[in-house]
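# Survey of secondary and tertiary structure
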Amino acid sequence: ARDARPAAAGAGVAAAPGKASEGSVWQVVGGAMNLKGIIVRNGTAGSLSAYTGRLAHGAIIEEVERTAERLRYQKIEGKGPGDGWVSFLSGRGAKLLKLVDAQEAVS
């Protein structure tokens, strides 16, 4: 049986160098201050999934699950919903998340 979960977060996502997995820690690098953060939804169906808020630029999140294009998270610190689904890339292809070292993220 083939594992349906992709090994990496998606093509061209430098933030996911293959070793990222459940429990990995990410920092929101998209959604600059004037945009008030990145969009959080309640599912993986993009605009078909309900909007639940915005996760602030600089927020630290822990990976719970992922698809090729989206990450389900649990918030560690920062402003925004405590959990939900976010995209790895913006609609224009800009990186929204960066994989970080867990120790560095909370120091």
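Residues numbered from 1 in each chain as written. Predicted model: local features only at pLDDT ≥ 70, side-chain atom pairs only at ≥ 80, totals over all residues. Heavy atoms only, no water.

Applying the stated criterion across every chain yields a total of 3 salt bridges. As a salt-bridge pair, Arg 72 and Glu 65 come within 3.0 Å of each other at their nearest N and O atoms. In this structure, the salt-bridge partner of Arg 70 is Glu 69, at a minimum N-O distance of 3.3 Å. Its relative accessible area of 16% is what places Arg 70 among the buried residues. Overall, the relative accessible area of 53% leaves Glu 69 in the exposed class. (Salt bridge = Lys/Arg side-chain N within 4 Å of Asp/Glu carboxyl O. Buried < 20%, exposed > 50% of the residue type's maximum accessible area, 1.4 Å probe, protein only.)

Across 5 bridges, the pairing between strand β5 (residues 70–77) and strand β6 (residues 83–87) is antiparallel. Bridge pairing in β6 links Leu 71 to Val 86. Hairpin connection between β5 and β6: a loop of 5 residues separates the two successive antiparallel strands, and Gly 78 in this loop has a positive phi of roughly 115 degrees. (Pairing = 2+ DSSP bridges. Helix = DSSP H or I, 4+ residues; strand = E, 2+ residues; numbered from the N terminus.)

Below, the discussion takes up the environment of Val 29. Tracing the chain through its elements places Val 29 in the loop between β1 (25–28) and β2 (38–41). Owing to a relative accessible area of 29%, Val 29 belongs among the partly exposed residues under this scheme. Expressed as a C-alpha distance, the spacing of Val 29 and Leu 99, which sit 70 residues apart in the sequence, is 9.9 Å. Non-local contacts of Val 29, meaning those with residues more than four positions away in its chain, are made with His 57, Lys 95, Leu 96, Leu 97 and Lys 98. (Contact = heavy atoms within 4.5 Å.)

Per-residue pLDDT for the protein averages 81, and the proportion of residues at 70 or more is 74%. This model gives residues 1–19 a pLDDT under 50, and the stretch forms 27 contacts once residues within four places in sequence are excluded. (pLDDT = per-residue confidence, 0-100.)

Once that is clear, we can look at the nonpolar core. Counting 13 residues, the largest nonpolar core has Ile 38, Leu 55, Ile 61, Leu 71, Tyr 73, Val 86 and Leu 97 as the members making the most contacts within it. Aside from chain neighbours lying at most four places away, what touches Ile 38 is Val 28, Gly 30, Gly 31, Gly 53, Arg 54, Leu 55, Val 86, Leu 96 and Leu 97. (Core = buried A, V, L, I, M, F, W, Y, C linked by side-chain atoms within 4.5 Å.)

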